[in-house]
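# An overview of the molecular structure
The residues making up each chain are set out below.
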Number of protein chains: 4
Amino acid sequence: MTRYDFGSDNTAGMAPEALDALIAANTGYARAYGADETTARAADQIRQLLDADADVRFVFSGTAANAIALSMLAQPYEAVLAHQAAHICTDETGAPGFFGHGVGLIGLPGFSGKIDEMALKACLAEPVVGHRQPPGALSLTNATEYGAVYSVDEVRRLIEPVKAQGLKVHLDGARLANAAVAGFDLSEIARVGVDILVLGGAKVGAPATEALVLFDKSLSRRLDNRLKQAGQVASKARFLSAPFLGLLESGAWLGHAAHANNMAARLAEAVTTRSRFAIAHPVDANIVFLHMDEAGHAAVQAAGFACYRFDDGSVRFVCSWSTTEEAVDELAEVLAKV
Amino acid sequence: MTRYDFGSDNTAGMAPEALDALIAANTGYARAYGADETTARAADQIRQLLDADADVRFVFSGTAANAIALSMLAQPYEAVLAHQAAHICTDETGAPGFFGHGVGLIGLPGFSGKIDEMALKACLAEPVVGHRQPPGALSLTNATEYGAVYSVDEVRRLIEPVKAQGLKVHLDGARLANAAVAGFDLSEIARVGVDILVLGGAKVGAPATEALVLFDKSLSRRLDNRLKQAGQVASKARFLSAPFLGLLESGAWLGHAAHANNMAARLAEAVTTRSRFAIAHPVDANIVFLHMDEAGHAAVQAAGFACYRFDDGSVRFVCSWSTTEEAVDELAEVLAKV
Amino acid sequence: MTRYDFGSDNTAGMAPEALDALIAANTGYARAYGADETTARAADQIRQLLDADADVRFVFSGTAANAIALSMLAQPYEAVLAHQAAHICTDETGAPGFFGHGVGLIGLPGFSGKIDEMALKACLAEPVVGHRQPPGALSLTNATEYGAVYSVDEVRRLIEPVKAQGLKVHLDGARLANAAVAGFDLSEIARVGVDILVLGGAKVGAPATEALVLFDKSLSRRLDNRLKQAGQVASKARFLSAPFLGLLESGAWLGHAAHANNMAARLAEAVTTRSRFAIAHPVDANIVFLHMDEAGHAAVQAAGFACYRFDDGSVRFVCSWSTTEEAVDELAEVLAKV
Amino acid sequence: MTRYDFGSDNTAGMAPEALDALIAANTGYARAYGADETTARAADQIRQLLDADADVRFVFSGTAANAIALSMLAQPYEAVLAHQAAHICTDETGAPGFFGHGVGLIGLPGFSGKIDEMALKACLAEPVVGHRQPPGALSLTNATEYGAVYSVDEVRRLIEPVKAQGLKVHLDGARLANAAVAGFDLSEIARVGVDILVLGGAKVGAPATEALVLFDKSLSRRLDNRLKQAGQVASKARFLSAPFLGLLESGAWLGHAAHANNMAARLAEAVTTRSRFAIAHPVDANIVFLHMDEAGHAAVQAAGFACYRFDDGSVRFVCSWSTTEEAVDELAEVLAKV
C-alpha cells in the first residue's frame, strides 16, 4: 500500500490556494467562454509574472496546450525539433501529429533532457529536401523531463540558430515554476525569443488547467475559434483560471515549487551521504533519479513509497507541493537500508 | 447591468453538490489519468442511472466529447446526419471536421430541433456516389437546442432506419437531465440503439466536465490512447469525475434539472397569461423562446435580464439550477409590462 | 448504347496535342519529381498564358488541386466561401475538409453558379464569434458549374470586399479555357487579386493533370514538401507537365475550348429554334442545360446520347474538344422530335 | 553531363508496352472515375498475377497509395511498425501522418532494410499504455530499400506475431516485380496474410500510377469515397490503368524487372571481380550499393554516371528496364579504374 507517493507530481490534489480560489470564483453568474473577470485577472497575473505582454488562454491539459501551440508554429509538412525524451515525444500519444495534421517530431540527443547544441546545429544545417519534413519549430522544456534546469544562456544558445532560420520556438513549462525557483529568470522568456509558452498549473497545485501564453501576438488571430474547434474552451471558464489566480496572487505558485525543489534537494542529500544508490541526473528542480537495481526498487515500493522506473532505466522520485519532510526522511531511511 | 442571467445555463456556477464532491475528492494522493477511485465510482453511478453496461470516460468539454464520439462513428469520407440547428452544426466551430479529419455534416430540418422523420428517410434513400460524403452516423440531441424533448418512441423511429443501414448513433445529452425530468426514460437509451452518449455535466451544475458513455464496447478499443492524443485526459482525473459523483449520488443531477424545468414552466405560464409575447417552441425542458420585437428585447435587457436573440429570430430564456422563483417572477413582471 | 457522350467533358480521351507531347517527352532520362525540362517549359507556357509571374506545379487531380489550394488559404477553424453549387461543395467528397483538417464550407446562393454579390457581402458583414467558423477565403469558379462565365468586372466586385478583410482568393479553373474563349481575360486573373488558380487540364484534353498556379509567392514556402506529403508529386513528373506543354504550345488549349464552346452554342441555337425544351442557364461556355421532363430525357438517352439530370433538376449536355458537329446535329434532331 | 542514369528507377521514361497501351486506350469515350473497361481489365490482370481475389484501384503515386493504405490499417492514436529505412519512414514527408491524421511510425532495425524478427517481437511485447501510440499495423517492403528480397518464409515469420495480436499488414511493393523475379512467390502474398498491397507501376515502366490491392475486402467499404476525398481518383481513369494493362498482358511487368535485376547482377559481378569497391548490401534485385570514398564517387559522376550517396553512407546504383548492357559495362570499366 502506498503511504507516500513519489510517482509523479500529478497524484497530489489541489493546493489550498487553488481550491480557495475555486470556491471564491463560484459566486453568482459569470460570462461564459473566458469573458469573465476571474479569467481576465488571472491573465494579468501571468503577464506580470513573466514581465511581458502576451495573449493568455487557459486550457484543460498540457498535452492539448503543447500540441495546439506546435500546430501554430509548424506546418504539417514540417517537423518539430525536440529532445528525444521530451514529453511531446514520449508521453503525449502523438498529439502533435493529431492536432498538427501530421506534423513530425525530430528527437535530438543531449544529457538529462537538455538538447545538445551541436546536434541541434547539425540538424539545422541539413539541406531542405522535398521528401522529408524539414525543421519548422523548436520545442524546449524547462525544467526538463530529467529534472535538469536550463539557464537563460543555454536557452538563448539553442534559440539563436533556430531564429536565424526564421523558425519559431515553443517552451513546455509544465514544471516552469520549479525552473524559476532554481534560478531561471522568467522575465527573460519573452526576450530570448520564445513565441509560445505553456505555463504549468497542474503540477504545482492546480486541478486540471494549463495556460497558453502567446508572446507573438500575430499568432493570436482567431485564437478563440481555434481553441473552440480543438475542444479546449470551457463554458464555465472561471473554473480553469481561478486556480491560477489563487496560486499566483498568493505567491504559492512559486512557493509550492520552492518547497518541492527543497524536498528533492533534501532527498538527494540524504541519498548521497547515506545510501548506496547513485544519482543519475542533476537535481536542479523537484525530481531525483536514482540508479537502482530491481531489488532496491522493489524494497522501496514494498515499504510504501510509489516510484517508477523511467525510460533511461533509473528510478524516478518526484516531490510536489504536498510532499512532507517526514515523507522524505522516511524514504531516505529506507534507501539507506536497502 | 445584469441582475438575473437567463442567457445560458452555463453562466451559473457549480452547484453545491458538485463543489462539495470536489472538496471531498481533494484528499491525499490519487492515481492519475483516471485510475482513481472517485472516477470509478462516478462511472458506476452513470451506469446505474442509465441502467446499462457501458464504458465511461470523463472529458473536459461537450464540444470535444461530441466531436470525438462522432469520429468514432463516422469516417472522414462520410457525413453525420444531424438537425440543422444542432449544437454540432452551429456552435462547435467545425470541431467534428477537425477531430474527424474532414467528416461532413448533413443538416436536416424539423420543428424545434427535432429531426423530421421523412427528411431523414429521404436522405437515407439517396444512392451512395463516390463524389459525395454519404451518411455515416446519426446524431440526436435531447433535449433539443430549442428546448423540445424527444419521446423514446420518436427517437426509436429515427434510429431504426439508420440502424437498418448499419450506421451508428450518437446522442448529445448536454441537457439530458432536463429531458429525463420531462419524461424521457434514460434506461431506454441503450435499448433503442444509441452507440455513444455524451452525458451533460456543466449545464446541470458541474464545473467543466462531460461524460462519454460507450454502450457499444467494441468502440472502446484503445480508448485511453485516443482520448490522450485528443488532449482530453486529465492527469488529476478525480477533479473531472468528482462533480458527477456528487451530483449523481445526491440525486441533484435530476433534482436541479427538475428545478430548472419548473422555472421554465413557471415563466412560460406567466408569459402566456400575462404578456403580449408568443411562445415560439414547446417548453418541454428548461428553455423558453419568445417571439419578441427589438423594443421588447431591449426593454427586458435594460431591466437587468440577460437573454439573447437566437438563430431562428426568437429570444431565448434559459433557466438553470440557480434560477430563483424570484428571478422568474420579476422577469414575468417585466414581460407583462413591456 | 452510347453513340455520343454529352455526359461530361471527362469521358473524352486525350487530345492529339496532349498525346503527342507525352510521346515526345518519353525520351531518355529526365530528373524526377519536377526538376525536368518538360516541366520547366510547361510552367513557362502557363506564366505566359496568364501574363503573370507565378509558381507553378502540376498535380494529379482537380479535387486535390482545389483542396490543397484551400488548405493554403484558410485555417481549419475558418470556412471557405463558395457558391453552394461549386464543385468543391458538391462533388469532391469533402476533400477541402480532409486536406484542410476540418476547414468549413459556406455555400452562397446566386444564379447559374455565380455568387450573389449581396449574399457575399452579408456573409462578410457578420461578426466573428468563437463558436463558428468565420470566412477565411473565397473560392470562385470560372466557367461555373452551370456553364456561365463571370466577367472580369464581376469577379473584381466579389474579390474586393473579401480582400478588404484581408482574406485570400482561390479560382477553380477546371473550365478556365472555356471562360477565356468566352471573353474572360486571363491576364486579369493575377491583377484582380486571385492568390491561387487551379488551371484545368483534363477537361480540355489532357489525361489526368491540373496545374496549381500561385501568384502570391509567399505561399510557396516549402511547397514541394507540402505536395509530396499530400501524395501529389509524380516521380516521373514530365508525364504530368507534357500534356500541358503540348496543349499550350500548339494553341490547342484555347482552340479545343473554342471548339467545345461553339458546339454548345450550336446545340443551344438548335434547341431554341427547333425543340420544345427551354434552356435553363446561360450558354456562355461548353455546357447546355435543358428543362426536360423524364420522358424527354429517357428518349434522348435511348437514342444513344449520354446526358445526366443535374442537381437543379435540369438535364446537362457537355461538349468537349472531341464533340463533333455531326453529333450535335443528330442530338438536335432527336431533341426536335421528342 | 549525365550519360547514363543509375540514380533511380524513376528517371527512365515509360516502357514501350505502357505507352502502347496508353495510346490504345485513347479511343472514343470511356466512363469516368474508374468505371471503364480498361480499368476492369487491368484489375483482372492483377488478380491473376497475384492468384487471389482482391479489390483493386489505381492511384497516382506510391506515397499516396502507402499512406492511404496505412490509414485503413492503423488509427491516429496507433503507430505503424516499419523498418527504419522504409520509404514511408524516410522519403514520404510524413504522408502517413497526414493521411492518417497523426498516425505514428515506429522504426525497427534490421540488415539491408529487412525488419529484424527479434526487434519486432520485442516491440510487440511491450505493454499498451495510454500515453504512447501502440503498434496498430505492420508495414513491409519487398524488395527493400536496400535491394534485398524477403523470402516468403521470412515474411511469414514477421506477419505471424503481428496477426496474433489482431493487427493488420501492409506491403509496399514499389519494386515487387524485382522481388518476384528474385523468387518471391506472388501468389503467397494473400495467403501469408497481407491485407493491403501497393503494387508498383512507375519503377517498372509505367508513367505515374500504382495499384492499391485490398485482399481484405471488408476494408473496401466506401473505398471510392475515401479515394475521391483523398484526391486520388482520376476522372480519365483509363490512363492510370492502361499502363498496367499493357505491362501485365504483355508479360513486360516481370520481363522488365528481370532485365533490371540482370543488369544489377552484371554490375555486381564486375564490381566484385574487377574494382576495389566492396558491395554493401545483397544484390537480390535491381540495386547495387557500393562502399565508396568521396573521390571514387566524384570520379564516377564525372564520367557521366548519375548515382547518389544513400542514407547508410554507401553509393547506390539502380538499374531499370531501360538500363543497357553497354551502360553497365561502361560503368564497370570506370569503377575498375578509379
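Residues numbered from 1 in each chain as written. Chains lettered and ligands numbered in written order. Predicted model: local features only at pLDDT ≥ 70, side-chain atom pairs only at ≥ 80, totals over all residues. Heavy atoms only, no water.

A count of helices and strands for chain A gives 14 helices and 13 strands. In summary, chain A has a C-alpha radius of gyration of 20 Å against a globular reference of 20 Å for 338 residues, a match within 12%. Along the three orthogonal principal directions, the C-alpha set of chain A runs to about 60 × 60 × 30 Å. When each of the 338 residues of chain A is scored for burial, the buried share is 66%. Of the contacts made within chain A by residues no fewer than 6 positions apart, 76% connect residues no fewer than 24 positions apart. By element, 51% of the accessible surface of chain A is carried by carbon and sulfur atoms, the whole surface being about 11,100 Å². Positive and negative side-chain charges of chain A, numbering 28 and 39 respectively, have mean locations separated by a distance of 5 Å. (Helix = DSSP H or I, 4+ residues; strand = E, 2+ residues; numbered from the N terminus. Rg over C-alpha atoms; globule rule 2.2 N^0.38 Å. Buried < 20%, exposed > 50% of the residue type's maximum accessible area, 1.4 Å probe, protein only. Contact = heavy atoms within 4.5 Å. Areas by Shrake-Rupley, 256 points an atom, 1.4 Å probe, with all protein chains shown as cover. Lys, Arg positive; Asp, Glu negative; His and termini not counted. Charge placed at Lys NZ, Arg CZ, Asp CG, Glu CD.)

Tallied over the full model, the rule gives 101 salt bridges over all chains. Salt bridges linked by common partners bring Asp51, Asp153, Arg156, Glu188 and Arg191 of chain A together as one network. (Salt bridge = Lys/Arg side-chain N within 4 Å of Asp/Glu carboxyl O.)

This brings us to the environment of phenylalanine 60 of chain A. Structurally, phenylalanine 60 of chain A is set in the loop between β2 (55–59) and α3 (62–73). Distance in space between the C-alpha atoms of phenylalanine 60 of chain A and glutamate 210 of chain A is 6.2 Å, their sequence separation being 150 residues. Those residues in contact with phenylalanine 60 of chain A that lie beyond four places of it in its chain are Ala208, Thr209, Gly231, Gln232, Val233, Ala234 and Leu240 of chain A together with Phe60, Ser61 and Ala208 of chain B.

What follows is about the relation of the copies chain A and chain B. In the superposition of chain A on chain B (RMSD 0.0 Å, axial shift 0.0 Å), the rotation amounts to 180 degrees. The superposition of one copy onto the other is thereby described by a two-fold rotation axis. Proximity to the rotation axis, assessed at the C-alpha, singles out phenylalanine 60 of chain A in chain A; its C-alpha lies 3.4 Å from the axis. Both copies present the same face, since 100% of the interface residues in chain A are matched by interface residues at the equivalent positions in chain B. (Least-squares fit on C-alpha atoms with pLDDT ≥ 70 in both.)

Here we come to the interface of chain C and chain A. Interface size is often expressed as the accessible area that is lost when the parts come together. Each partner contributes to the interface: chain C provides 26 residues, whereas chain A provides 26 residues. Together, the buried faces of chain C and chain A total about 1,900 Å²; carbon and sulfur atoms form 45% of this surface. On the chain C side of the interface with chain A, the three residues burying the most area are Tyr77, Arg222 and Asn225 of chain C, jointly 36% of the side's total. Joining chain C to chain A, the criterion identifies four salt bridges. Ionic pairing is found between arginine 222 of chain A and glutamate 78 of chain C, a salt bridge with its closest N-O pair at 2.8 Å. Taken together, the connections running from chain C to chain A amount to 14 residue pairs in polar contact (both at pLDDT 80 or more). Here the side of chain C that touches chain A takes five residues from helix α10 (residues 223–229) of chain C, the largest share from any one element. Of the residues contributing to the side of chain C that touches chain A, the split by class is nine nonpolar, ten polar and seven charged. (Buried area = accessible area lost by both parts, 1.4 Å probe. Polar contact = N/O pair within 3.5 Å; in protein donor to acceptor, adjacent residues only side chain to side chain. Nonpolar A, V, L, I, M, F, W, Y, C, P; charged D, E, K, R; others polar.)

Another point: the side chain of threonine 38 of chain C. Residue and element names in this part refer to chain C. Structurally, the position occupied by threonine 38 is in helix α2 (residues 37–50). What makes threonine 38 buried here is its relative accessible area of 14%. Contacts of threonine 38, omitting those with residues within four sequence positions, involve Ala25, Arg238, Ser241, Ala242 and Leu245.

This paragraph deals with the packing of aromatic side chains. In the structure shown here, the tally under the stated rule is 40 aromatic pairs over all chains. Residues phenylalanine 98 of chain C and phenylalanine 99 of chain D carry aromatic rings whose centres are separated by 5.9 Å and whose planes lie at 50 degrees to one another, so their mutual orientation is tilted. Here phenylalanine 99 of chain D lies in helix α5 (residues 95–99) and phenylalanine 98 of chain C lies in helix α5 (residues 95–99), a pairing that spans two chains. Across the pair, exposure class does not vary: phenylalanine 98 of chain C and phenylalanine 99 of chain D are buried alike. (Phe/Tyr/Trp six-rings, centres within 6.5 Å; stacked < 30°, edge-to-face > 60°.)

Here the focus is the sheet that holds strand β2 (residues 55–59) of chain B. Residues and elements named next belong to chain B. Pairing is mixed in the open sheet, where seven strands are placed in the order β2-β8-β7-β6-β5-β3-β4. Two strands bound the open sheet, and with one partner strand each, they are β2 and β4 (104–108). The average undirected angle you get between the axes of adjacent strands in this sheet is 20 degrees. In the packing of helix α3 (residues 62–73) onto the sheet, contacts are made with β2, β3 (79–83), β5 (135–141), β6 (168–173), β7 (196–199) and β8 (210–214), and the angle to β6 comes to roughly 175 degrees. (Pairing = 2+ DSSP bridges. Axes fitted to C-alpha atoms, helices over the stretch in contact; angles between N-to-C directions.)

This part covers the relation of the copies chain C and chain A. Copy one and copy two of the chain differ by a rotation about an axis and a translation along that axis. Rotating chain C by 180 degrees and translating it 0.0 Å along the rotation axis places it on chain A, where the RMSD comes to 0.0 Å. Mapped onto chain A, 100% of the interface residues of chain C again fall at the interface, so both copies present the same surface.

The next subject is unusual backbone geometry. That bond from asparagine 142 of chain A to alanine 143 of chain A is cis: its omega, -10 degrees, falls within 30 degrees of zero. With respect to the element layout, alanine 143 of chain A can be found in the loop between β5 (135–141) and α7 (152–164). Even without a glycine there, the phi angle at arginine 222 of chain D is positive, about 55 degrees. Tracing the backbone shows arginine 222 of chain D in the loop between β8 (210–214) and α10 (223–229).

Looking now at the sheet that holds strand β12 (residues 308–309) of chain D. Residue and element names in this part refer to chain D. Read from one edge to the other, the open sheet built from four strands follows the order β9-β10-β13-β12, with strand pairing classed as antiparallel. A strand with exactly one partner marks an edge of an open sheet, and here the two such strands are β9 (278–279) and β12. The pairing of β12 with strand β13 (residues 315–318) spans two bridges and is antiparallel. Opposite tyrosine 308, over in β13, you have arginine 316 as the bridge partner.

This part is about the environment of serine 320 of chain C. Residue position: serine 320 of chain C is located in the loop between β13 (315–318) and α14 (325–337). Beyond its immediate stretch of four places on either side in the chain, serine 320 of chain C contacts Asp9, Ala12, His259 and Ala260 of chain C.

All names here are of chain C. When the terminal C-alpha atoms of helix α3 (residues 62–73) are compared, their 16 Å separation across twelve residues agrees well with the 16 Å that a helix rising 1.5 Å per residue should span. In terms of burial, α3 is largely enclosed, as eleven of its twelve residues are buried. Within the sequence span of α3, burial applies to Thr63, Ala64, Ala65, Asn66, Ala67, Ile68, Ala69, Leu70, Ser71, Met72 and Leu73. (Expected span 1.5 Å × (residues − 1).)

A separate point is the interface of chain A and chain B. On the chain B side, the residues contacting the 49 residues of chain A number 49 residues. In terms of surface lost to chain B, no three residues of chain A exceed Tyr29, Gln229 and Lys236 of chain A, which account for 20% of the buried area on that side. Across the chain A-chain B interface, the total number found is zero salt bridges. Contributions of two or more residues to the side of chain A that touches chain B are made by β1 (4–5), α1 (16–25), α3, α5 (95–99), α10 (223–229) and α11 (238–249) of chain A. Across the side of chain A that touches chain B, the residue classes tally to 24 nonpolar, 18 polar and seven charged.

Glancing now at the packing of helix α11 (residues 238–249) of chain C against helix α12 (residues 252–274) of chain C. All names here are of chain C. At their nearest, the axes of α11 and α12 sit 5 Å apart, and the two run at 75 degrees to each other. Classified by the angle between their axes, α11 and α12 sit roughly perpendicular to one another. Contact residues: Phe244, Leu247 and Leu248 in α11; Ala252, Trp253 and His256 in α12. In terms of residue class, the contact of α11 with α12 is made up of five nonpolar, one polar and no charged. (Parallel < 35°, antiparallel > 145°, perpendicular 65-115°, else oblique.)

We now examine the pairing of strand β5 (residues 135–141) of chain C. Residue and element names in this part refer to chain C. Where burial is concerned, most of β5 is hidden: seven out of the seven residues are buried. The pairing of β5 with strand β6 (residues 168–173) spans five bridges and is classified as parallel. The residue of β6 that forms the bridge with threonine 141 is aspartate 172. Read from β5 through helix α7 (residues 152–164) to β6, the crossover connection turns out right-handed. (Right-handed = clockwise from strand over helix to strand, strands pointing away.)

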